[in-house]
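Chain and residue survey
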Number of protein chains: 2
Amino acid sequence: MSAGEIERLIQLLARLPGLGPRSARRAALALLERREQLLVPLAAALQQTAERVVSCGRCGNLDSQDPCSLCVDPVRDDSLICVVEEVADLWALERSGAFKGRYHVLGGTLSALDGRGPEELRVASLVERASDTKVVEVIFALGATVDGQTTAHYLAERLAGCDVRLSRLAHGVPVGGQLDYLDDGTLTAAMRARSPAASS
Amino acid sequence: MSAGEIERLIQLLARLPGLGPRSARRAALALLERREQLLVPLAAALQQTAERVVSCGRCGNLDSQDPCSLCVDPVRDDSLICVVEEVADLWALERSGAFKGRYHVLGGTLSALDGRGPEELRVASLVERASDTKVVEVIFALGATVDGQTTAHYLAERLAGCDVRLSRLAHGVPVGGQLDYLDDGTLTAAMRARSPAASS
């Protein structure tokens, strides 16, 4: 029906998250229709990414340099380490601009179900980094899931010997969120962590 | 925040149909996580597609050879030409296995709204192909849309001088479709084109 090259391209595109066999076909056709504007640049971008992007040996971020630009940025605060599960979480926090310290990407969570133990995650290097006297606080920015919280507890035990303050992101009502649509767990957490309202 | 290469990759991925900025980020991370299984093969597949896949000079299909494998296949019926809007439609018909003649990909429909006239479509070459004495029937497999039907009417006029039978796909109830969910147009068409029921 179509060239082997196209079939192969569709199969690979279909393995991307968010694309199924049908949308992969559409994507392949869009690429072929916009050959110079899309297909060729995308091939080049993938090639360059494969060649240049590496995992930071210190924090696990993805960058074209190792240590990554966040680890070597002289403006960022060395006394804070924010622990995240995945690089995607690091990106999300960076987009928010809410954190100006250093990161540590675990590479996932502990999971009995998926058989992922501490060896699979960047735990040992976190303990090593937290032992540095410059570090004052380690912030767990892990998912509010069973696995995320299990991981946070485990990390807290492992870091008990280090002279650092441990903290976690606040739980509560998402900004813009309507109470009506929130689950009981979130509402309970938000109620427990309630703060004084401005009386002005 | 992240390497320029990754940003560029995300921007390009976000231009694929079916992927927005958010899913493009997820796709980029999936690619980076599965570098050898996905990123490198996809880069190679895009590169090969860009180099090898061409538009068939005869029918407009995409293939690694010109004329394409469907145009040169000796088993297919030279007396039938099936006119489709896009290569995606050709693929869909090929998947169905319902047609064993030759194809002609218009490259779209006439559209007053988008300012697409006959010059933008492969109309002249269709008339030329239909003038061949071997050709007996031209089948319009165009969308049941206003633009599709306008295009079919226009093509019928252009092909009036050729000694060929013109036909179009049947309209009716989709196989597996429930009447309840069908629009009035489809139901009216299906009622008009009703056929004798088997009485056995």
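Each value, and the rule that gives it
Residues numbered from 1 in each chain as written. Chains lettered and ligands numbered in written order. Predicted model: local features only at pLDDT ≥ 70, side-chain atom pairs only at ≥ 80, totals over all residues. Heavy atoms only, no water. Least-squares fit on C-alpha atoms with pLDDT ≥ 70 in both. Helix = DSSP H or I, 4+ residues; strand = E, 2+ residues; numbered from the N terminus. UniProt positions renumbered as here; feature names shortened; annotations may be inferred. Domains from an automatic or database assignment. Pairing = 2+ DSSP bridges. Axes fitted to C-alpha atoms, helices over the stretch in contact; angles between N-to-C directions. Contact = heavy atoms within 4.5 Å. Phe/Tyr/Trp six-rings, centres within 6.5 Å; stacked < 30°, edge-to-face > 60°. Buried < 20%, exposed > 50% of the residue type's maximum accessible area, 1.4 Å probe, protein only.

What follows deals with the relation of the copies chain B and chain A. With an RMSD of 0.1 Å, chain B superimposes on chain A once it is rotated by 180 degrees and translated 0.0 Å along the axis. Such values leave the two copies arranged in the relation of a two-fold axis. The C-alpha atom lying nearest the rotation axis in chain B is that of A43(B); the distance is 2.5 Å.

This part is about unusual backbone geometry. The step from D66(A) to P67(A) runs through a cis peptide bond, and the omega angle for that step is 0 degrees. Within the element layout of this structure, P67(A) appears in the loop between β2 (62–63) and α4 (69–72).

A separate point is the UniProt feature "domain: Toprim" (unreviewed entry) in chain A. According to UniProt, the feature "domain: Toprim" (unreviewed entry) maps to residues 79–174 of chain A in the numbering used here. A helix fraction of 31% and a strand fraction of 21% characterise residues 79–174 of chain A, whose end C-alpha atoms lie 28 Å from each other.

Here chain A is partitioned into domain 1 (4–52) and domain 2 (62–168). Relative placement of domain 1 of chain A and domain 2 of chain A: their C-alpha centres are 33 Å apart.

Residue and element names in this part refer to chain B. Taking strand neighbours across the sheet as the criterion, the four strands line up as β4-β3-β5-β6 in an open arrangement whose pairing is parallel. Where the open sheet ends on each side, the last strands, each with one partner, are β4 (101–105) and β6 (165–168). When strand polarity is set aside, the average angle formed by the axes of neighbouring strands in this sheet is 25 degrees. Relative to β4, strand β3 (residues 77–84) runs parallel, the two being bridged by five bridges. Directly across from V84, in β4, lies its bridge partner V105. The strands touched by helix α5 (residues 87–96) within the sheet are β3, β4 and β5 (137–141), with β4 carrying the most contacts at an inclination of about 160 degrees. Its contacts with the sheet put helix α7 (residues 146–158) on β3, β5 and β6, and the angle it makes with β5 is roughly 165 degrees.

The subject of this paragraph is the packing of aromatic side chains. All names here are of chain A. The final tally for this structure, using the stated rule, is two aromatic pairs over all chains. Taken together, a centroid distance of 5.2 Å and an interplanar angle of 65 degrees make the contact between F99 and Y103 edge-to-face. Since its relative accessible area comes to 7%, F99 is described here as buried.

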